[in-house]
Amino acid sequence: MSTIKHVAIIMDGNGRWAKKRFRPRIWGHVRGSGVVSDIVEAADEVGLKSLTLYAFSTENWSRPLDEVSTLFKLLKKFLMKEKARILSNNIKFKVIGEIANLPKDTINLIRDVENLSSNATGLNLTFAFSYGGRAEIVRAINNFNEKNPGTAMTESDLSSLMYRPEAGDVDLMIRTGGDQRISNFLLWQMAYAELFFTPTAWPDFSVSEFKKIIEHVSNRERRFGNVSAQSGLDETAEQAQSNKSLFAKGANV
Ligand code: FPP
């Protein structure tokens, strides 16, 4: 069984893909939105628990108006086209980010699909839209402080206050389009993620490349800061505790 449960993708390279073909940048987004459906279907097929797609960052608001509005329209179109499939395939859908400034009908459609799919038990499908990783962390800290004034926060408190805690930590982050950055995406959840950067532009990204990357990364050894793949987290925690108390007693080893 694969250790990869949560895959997050930065769908980059749409604009350059279109420019190479002497088409406007938005053409790249239109072609890219078709790929989204294929990858969602493949994620479900390979048994992922969560798939998170970066569709619009907080920084993307500063793009030309026609590009911003095309991205909103593509989100709406996707939901209208895929709503029935999301529901019949037991997919639990959610948008994360600050979407209050999106067109009202798009917000209503998002809320409708979120509500209708809220009891699904299959793939957690998340679109990060008007999303920023730092803003998500600050929002979580403010929520915690408001409810628990003067209390020290733990890591698990913060994890539970992310937009979508049930999606879990990211196991694998894929970025298409050739750049090697994480661009303010899921900063908290990616602490131990494997990173994979492919030169393929998003409109050319295929199900076959997606599956190959998952298979390739499944074979990497993930040590989570340890020296080798120990069998379980309890064992690791015990070792750490024993090392700490040895040094606390003044050990000089
Ligand atoms: C980055 O490419 C991509 C985006 C900012 C948007 C990603 C959106 C889609 C793939 C389509 C949206 C679809 C749905 C269903 C919501 P870029 O424009 O920055 O590419 P570049 O680096 O080549 O300029």
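The following refers to the structure shown. (Residues numbered from 1 in each chain as written. Predicted model: local features only at pLDDT ≥ 70, side-chain atom pairs only at ≥ 80, totals over all residues. Heavy atoms only, no water.)

## Side note on the overall build of the protein chain
In terms of helices and strands, the protein chain carries 8 helices and 6 strands. Along the protein chain, helices and strands appear, N-terminal first, in the series β-α-α-β-α-β-α-β-α-α-β-β-α-α. Overall, the C-alpha framework of the protein chain stretches about 70 × 45 × 35 Å when taken along its three principal axes. Sequence-distant contacts in the protein chain: of pairs separated by 6 or more residues, those separated by 24 or more amount to 75%. Carbon together with sulfur atoms contributes 53% to the accessible area of the protein chain, which is approximately 13900 Å² in total. If the 33 positive side-chain charges of the protein chain are averaged to one point and the 29 negative ones to another, these points end up 6 Å apart. (Helix = DSSP H or I, 4+ residues; strand = E, 2+ residues; numbered from the N terminus. Contact = heavy atoms within 4.5 Å. Areas by Shrake-Rupley, 256 points an atom, 1.4 Å probe, with all protein chains shown as cover. Lys, Arg positive; Asp, Glu negative; His and termini not counted. Charge placed at Lys NZ, Arg CZ, Asp CG, Glu CD.)

## Focus: the packing of helix α2 (residues 25-45) against helix α7 (residues 207-218)
In contact at an axis separation of 10 Å, α2 and α7 are set at 40° when each is read in the N-to-C sense. By the angle between their directions, the pair α2 and α7 is classed as oblique. The chirality of how α2 crosses α7 is right-handed. When α2 is examined against α7, the residues D38, I39, A42, A43 and E45 are found in contact with a partner set consisting of V207, F210 and K211. Of the residues belonging to the contact of α2 with α7, the class tally is 5 nonpolar, no polar and 3 charged. (Axes fitted to C-alpha atoms, helices over the stretch in contact; angles between N-to-C directions. Parallel < 35°, antiparallel > 145°, perpendicular 65-115°, else oblique. Left-handed = near helix turned anticlockwise from the far one by under 90°. Nonpolar A, V, L, I, M, F, W, Y, C, P; charged D, E, K, R; others polar.)

## Some thoughts on the sheet that holds strand β1 (residues 6-10)
The sheet built from 6 strands is open, its strands ordered β3-β4-β2-β1-β5-β6 with parallel pairing. Single-partner strands in this sheet number two, and they are β3 (92-96) and β6 (194-197). When strand polarity is set aside, the average angle formed by the axes of neighbouring strands in this sheet is 20°. When β1 meets strand β2 (residues 50-57), the two strands line up parallel, connected through 5 bridges. From the neighbouring strand, A8 faces β2, where its bridge partner is T52. Against the sheet, helix α3 (residues 65-88) makes contact with β2, β3 and β4 (124-131), and its axis sits at roughly 165° relative to β4, the strand it touches most. (Pairing = 2+ DSSP bridges.)

## Brief notes about the packing of aromatic side chains
Evaluation of the coordinates by the stated rule reveals 13 aromatic pairs. For the pair Y54 and Y131, a centre-to-centre distance of 5.8 Å together with 80° between the ring planes defines the contact as edge-to-face. Linking Y54 in strand β2 with Y131 in strand β4, this pair joins segments that are 77 residues apart in sequence. Under the relative-accessibility criterion, Y131 is labelled buried at 0%. Considering the side-chain rings of Y131 and F185, the 6.2 Å spacing of their centres and the 85° angle between planes classify their relative orientation as edge-to-face. Placement of the pair is Y131 in strand β4 and F185 in the loop between β5 (172-175) and β6, with a sequence separation of 54 residues. Overall, F185 belongs to the buried group, its relative accessible area being 0%. Three or more aromatic residues link up through ring pairs in this structure, and these residues are Y54, Y131, Y163 and F185. Here the guanidinium or amino end of R23 rests over the ring plane of W27, the centre of that ring lying 4.3 Å away. (Phe/Tyr/Trp six-rings, centres within 6.5 Å; stacked < 30°, edge-to-face > 60°. Buried < 20%, exposed > 50% of the residue type's maximum accessible area, 1.4 Å probe, protein only. Lys NZ or Arg CZ within 6 Å of the ring centre and 35° of its normal.)

## Here's the deal with the pairing of β3
As judged from the 5 bridges shared by β3 and β4, these two strands associate in the parallel manner. Bridge pairing links F93 to L125 in β4. Crossover β3 to β4 through helix α4 (residues 104-116) is left-handed. (Right-handed = clockwise from strand over helix to strand, strands pointing away.)

## Brief notes about the site of the ligand
Lining the immediate surroundings of the ligand are 16 residues, of which M11, D12, R16, R25 and R63 lie closest. Within the backbone of G15, an N or O atom sits 3.1 Å from an oxygen atom of the ligand. The contact in question runs from an oxygen atom of the ligand to an N or O atom on the side chain of R63, over 2.8 Å. When the ligand sits alone it has 620 Å² of accessible area, and the protein chains cover 92% of it. Every element with two or more residues in the shell around the ligand is listed here: α1 (14-20), α2 and α3. Per-class residue counts for the shell around the ligand are 6 nonpolar, 6 polar and 4 charged. (Near = heavy atom within 4 Å. Polar contact = N/O pair within 3.5 Å; in protein donor to acceptor, adjacent residues only side chain to side chain.)

## Regarding a nonpolar patch on the surface
A grouping of L246, F247 and V253 is seen on the molecular surface, where their side chains present a nonpolar patch of about 340 Å² in accessible area. With respect to the secondary-structure elements, F247 resides in helix α8 (residues 233-248). (Patch = residues over 30% accessible without salt bridge, like charges linked within 9 Å, V, L, I, M, F, W, Y side chains within 5 Å. Salt bridge = Lys/Arg side-chain N within 4 Å of Asp/Glu carboxyl O.)

## Topic: the nonpolar core
The biggest cluster of nonpolar side chains holds 43 residues, and the ones touching the most others in it are V7, I9, L51 and F210. Of the residues forming this core, the biggest block, 7 residues, is contributed by α3. Beyond its immediate stretch of four places on either side in the chain, F210 contacts V7, I9, I39, A42, A43, L48, L51, I174 and F205. Of all hydrophobic cores here, the second largest spans 13 residues; its members include I10, I96, Y163 and L186. (Core = buried A, V, L, I, M, F, W, Y, C linked by side-chain atoms within 4.5 Å.)

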